[in-house]
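# Commentary on secondary and tertiary structure
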Amino acid sequence: MTFRPIVLSDLDYTVIFDSVLADRTRELIEEIRKQAYFIVVTARSYEEYQPLSSIPNDGLVTENGAVVYLRSDGRDVVDAEWDAVMARRYDTLVGFRDRLRAEGWRIHYKQRAFSSSVTQSGKTQEDVDRVEAEVPEGLRLEFSRNTAGTYLEVFPIEAGKDQAVHRVCHDLGTPVSQTFGLGDNPNDMGMLTVVNFPLAPGNCDPQVRELVQHRRGYVSPQSGHPGAQDILQQVLARL
């Protein structure tokens with residue numbers, strides 16, 4: 001039986017840089033979509049993704065895997081069954097979110113998750129360690145990093161980019177053995193661990209580089225837009 005492969009790709013600093021998708025990158029994504037599903041996987045909420053909605057794709061995973069959308073008749077349709085699982089953690093999520101806000105953390109609100117900038121909240125490593133130790137049962141905390149600093153990412157324990165890989169495979173009827181994953185950040189590491197073949201641009205976090213190399217994936221020698229295009233070309237060569 002022949003399965004259509006799935007390419008799951010992070011957005012920021014993996015295929016877009018400062019929210020810009022290069023024309024050549026777009027062309028390569030469209031080439032991939034002739035042979036495989038191309039699924040966008042991001043920590044952004046759906047609303048934050050909207051300015052980038054022209055990026056070609058066959059589905060969308062937002063909020064670090066807490067919300068899954070599949071493309072149907074040109075529309076992004078929420079996976080309702082998956083959302084029902086996430087909804088069970090909503091009260092716990094809101095309680096933890098509001099507690100951190102009361103402690104001075106600047107909260108970035110999302111539908112089924114939230115995030116907070118350590119730097120913008122004026123917090124120390126001691127504060128981070130305490131929060132990490134106090135995450136309520138049923139929630140999961142991961143870290144992401146960009147040029148603005150380190151962020152806390154909090155979402156239901158059933159979510160995460162790793163679990164989203166399994167959910168998308170379930171929804172599209174493709175085994176995990178037919179998946180590729182593209183990422184650059186520590187919060188992509190779950191996804192890069194689960195997919196069959198991981199790839200990363202040269203500007204990736206050192207932890208990501210080590211993981212991809214350990215899994216015998218591909219880390220581009222190039223960074224930025226050239227690095228994104230290089231890893232997409234590597235995917236095409238393996239389809």
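Details of the structure are given in the entry above.
Thresholds, definitions, all that
Residues numbered from 1 in each chain as written. Predicted model: local features only at pLDDT ≥ 70, side-chain atom pairs only at ≥ 80, totals over all residues. Heavy atoms only, no water. Helix = DSSP H or I, 4+ residues; strand = E, 2+ residues; numbered from the N terminus. Rg over C-alpha atoms; globule rule 2.2 N^0.38 Å. Buried < 20%, exposed > 50% of the residue type's maximum accessible area, 1.4 Å probe, protein only. Contact = heavy atoms within 4.5 Å. Areas by Shrake-Rupley, 256 points an atom, 1.4 Å probe, with all protein chains shown as cover. Core = buried A, V, L, I, M, F, W, Y, C linked by side-chain atoms within 4.5 Å. Right-handed = clockwise from strand over helix to strand, strands pointing away. Pairing = 2+ DSSP bridges. Axes fitted to C-alpha atoms, helices over the stretch in contact; angles between N-to-C directions. Parallel < 35°, antiparallel > 145°, perpendicular 65-115°, else oblique. Left-handed = near helix turned anticlockwise from the far one by under 90°. Nonpolar A, V, L, I, M, F, W, Y, C, P; charged D, E, K, R; others polar.

### A short note on the overall build of the chain
- When you go through the chain residue by residue, the secondary structure sums to nine helices and twelve strands.
- At 17 Å, the chain has a C-alpha radius of gyration in line with the 18 Å of a compact globule built from 239 residues.
- Its C-alpha atoms put the chain at 50 × 40 × 35 Å along the principal axes.
- Each of the 239 residues in the chain was classed as buried or not, and the buried ones make up 54%.
- Put simply, of all contacts in the chain between residues at least 6 apart along the chain, 54% involve residues at least 24 apart.
- On the chain, roughly 10600 Å² of surface is accessible, and the fraction owed to carbon and sulfur atoms is 46%.

### Some words on the side chain of Asn 185
- Following the sequence through the fold, Asn 185 ends up in the loop between strand E10 (179–182) and helix H7 (189–194).
- Overall, the relative accessible area of 8% leaves Asn 185 in the buried class.
- Dropping the residues within four chain positions of it, Asn 185 is found in contact with Phe 143, Ser 144, Arg 145 and Val 208.

### Things to note about the nonpolar core
- Among the nonpolar cores identified, the biggest contains 52 residues, and Val 7, Leu 8, Leu 11, Ile 55, Leu 182, Leu 199 and Leu 232 are the most heavily contacted of them.
- Apart from the residues within four sequence positions on either side, Ile 55 is in contact with Leu 11, Ile 16, Leu 21, Arg 26, Ile 29, Val 40 and Tyr 49.
- Formed by 13 residues, the second largest nonpolar core is a distinct cluster that contains Leu 93, Ile 107, Phe 114 and Leu 141.

### So, the pairing of strand E1 (residues 6–9)
- Side chains Ile 6 and Leu 8 project from E1 onto one buried face, and the interleaved Val 7 and Ser 9 project onto a second face that is buried too.
- Where the polypeptide runs from E1 across helix H1 (residues 23–33) and back to strand E2 (residues 37–41), its parallel neighbour, the crossover connection is right-handed.
- When E1 meets E10, the two strands line up parallel, connected through four bridges. Among the inter-strand pairings, Ser 9 is bridged to a residue of E10, identified as Leu 182.

### Some details on the packing of H1 against helix H9 (residues 224–238)
- Two numbers describe how H1 lies on H9: the axes approach to 9 Å, and their chain directions differ by 15°. Considering the angle they form, H1 stands roughly parallel to H9. Crossing of H1 against H9: the hand is left-handed. Residue-level inspection shows Arg 24, Thr 25, Leu 28, Ile 29, Glu 31 and Ile 32 of H1 in contact with H9, the latter providing His 225, Gln 229, Leu 232, Gln 233, Val 235 and Leu 236.
- Classifying every residue of the contact of H1 with H9 gives six nonpolar, four polar and two charged.

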